[in-house]
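What follows is the residue order along each chain.
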Amino acid sequence: MTERVAVDMWFDPLCPWAWITSRWLLEVEQVRNVETRYHVMSLAVLNEGRELPEQYREMMERGWGPVRVCIAVEQAHGGATLAQLYTAMGTRIHLGKEPLGRDMITAALADVGLDPAFADAADSAGYDEALRASHEAGMRPVGTDVGTPVVHAPGPDGGTVAFFGPVVTPTPRGEAAGRLWDGVLLVAGTPGFYELKRSRTLGPIFE
């Protein structure tokens with residue numbers, strides 16, 4: 001059997017577009033020989049020092065808690081458990097419409113069978129250095145004028161290509177997910193290719 005190829009995705013739990021991309025990658029794993037590894041980035045870190053609308057600024061402040069907890073869990077239990085926690089948080093945030101506070105975090109930890117004491121990390125700046133390092137590792141190849149999701153994937157020459165996106169809704173399923181994967185790799189692996197974009201007419205659809 002051919003060895004599965006590692007694909008790395010950076011997420012912030014509060015981003016609905018990252019959530020859809022992460023569910024798409026799970027679909028891709030079923031039809032293409034890839035395995036996704038999940039990492040933490042932070043929209044709060046990305047937007048530091050920027051002029052933001054008041055409502056968005058407040059959301060960024062609430063966003064510190066979930067990413068700190070994700071880093072704490074990753075440090076203690078590794079990437080596989082981080083992926084499980086992301087699924088638990090994303091299900092509650094995006095499907096359950098739960099707010100980003102401690103109740104959501106504690107419930108998501110319980111969903112994965114983790115110690116509820118991890119929720120204390122939400123208020124601890126002690127995880128911020130590791131959070132910023134994870135964020136930087138994901139964003140460095142794509143720059144700071146994009147957000148989440150960010151994906152690092154194998155390129156055509158054996159190297160790695162990194163890109164923001166894809167921004168898609170609803171989640172492509174089955175072979176449709178595989179075809180999108182093939183196309184994304186094709187354009188992302190083309191030297192000198194930077195952008196393909198059109199105006200969004202739909203918000204995120206969670207199915």
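The following refers to the structure shown.

Rules and cut-offs
All residue numbers here refer to positions counted from 1 along the written sequence of the relevant chain. Per-residue local features are limited, in this predicted model, to residues with pLDDT of at least 70; the limit for side-chain atom pairs, both in listing and counting, is 80 or more; totals at the level of whole chains, interfaces and linings are taken over all residues. Note that water and hydrogens are dropped before the side-chain values are worked out from all heavy atoms of the structure. Here a salt bridge means any side-chain nitrogen of Lys or Arg lying within 4 Å of a carboxyl oxygen belonging to Asp or Glu. To qualify as a helix, a DSSP run of H or I must reach at least 4 residues; to qualify as a strand, a run of E must reach at least 2; elements of each kind are numbered from the N terminus. Working definition: with a 1.4 Å probe on protein chains only, accessible area under 20% of the residue-type maximum means buried, over 50% means exposed, and in between means partly exposed. Each Phe, Tyr or Trp ring, with Trp reduced to its six-membered ring, pairs with another whose centre is within 6.5 Å; inter-plane angles below 30 degrees give stacked pairs, above 60 give edge-to-face pairs, and intermediate values give tilted ones. Lysine NZ or arginine CZ positioned within 6 Å of the ring centre and within 35 degrees of the ring normal marks a charge as sitting over the ring. Each residue after the first adds 1.5 Å to the expected span of a helix. Contacts are assigned to residue pairs that have any heavy atoms within 4.5 Å of one another.

What about the pattern of salt bridges?
Pairing between side chains of opposite charge can happen when their charged atoms approach one another.
Link 1 in the chain: Here the structure, examined in full by the defined rule, presents 12 salt bridges.
Link 2 in the chain: Among the salt bridges present, the one from Asp128 reaches Arg68, with a minimum N-O distance of 2.8 Å. In this pair, Asp128 is assigned in helix H6 (residues 128-139) and Arg68 in helix H3 (residues 54-77), connecting sequence segments 60 residues apart.
Link 3 in the chain: Judged by relative accessible area, which is 10%, Asp128 ranks as buried.
Link 4 in the chain: The residue Glu98 makes a salt bridge to Arg92 at a minimum N-O spacing of 2.7 Å.
Link 5 in the chain: A cluster of three or more residues bridged by salt bridges with shared partners is formed by Arg32, Glu175 and Asp182.

Overview of the packing of aromatic side chains
Link 1 in the chain: What the rule picks out here adds up to four aromatic pairs.
Link 2 in the chain: Residues Trp19 and Tyr86 carry aromatic rings whose centres are separated by 5.7 Å and whose planes lie at 90° to one another, so their mutual orientation is edge-to-face. Residue Trp19 is located in helix H1 (residues 16-31), and its partner Tyr86 is located in helix H4 (residues 79-95); the two are separated by 67 residues in the primary sequence.
Link 3 in the chain: According to the relative accessible area criterion, Trp19 is buried, its value standing at 5%.
Link 4 in the chain: Using a relative accessible area of 0% as the deciding quantity, one classes Tyr86 as buried.
Link 5 in the chain: Members of the aromatic cluster, each reached through a chain of ring pairs, are Phe11, Trp19, Tyr38 and Tyr86.
Link 6 in the chain: The cationic tip of Arg23 hangs over the ring face of Trp19; the distance from NZ or CZ to the ring centre is 4.0 Å.

Thoughts on H4
Link 1 in the chain: Look at H4: 23 Å from first C-alpha to last across 17 residues, which is about the 24 Å you get at 1.5 Å a residue.
Link 2 in the chain: Taken together, the buried positions of H4 are Thr81, Leu82, Ala83, Leu85, Tyr86, Ala88, Met89, Gly90, Ile93 and His94.
Link 3 in the chain: Contact partners of the buried residues in H4: strand E1 (5-11), H1, strand E2 (34-40), H3 and helix H5 (102-112).
Link 4 in the chain: Just past H4, the residue Lys97 takes up positive phi, approximately 55°.

Section: the environment of Glu35
Link 1 in the chain: Looking at the secondary structure, you find Glu35 in strand E2.
Link 2 in the chain: Residue classification places Glu35 among the partly exposed residues on the basis of a relative accessible area of 44%.
Link 3 in the chain: Each residue touching Glu35, except ones within four places of it in the same chain, is listed here: Arg4, Val5, Ala6, Val7 and Glu29.

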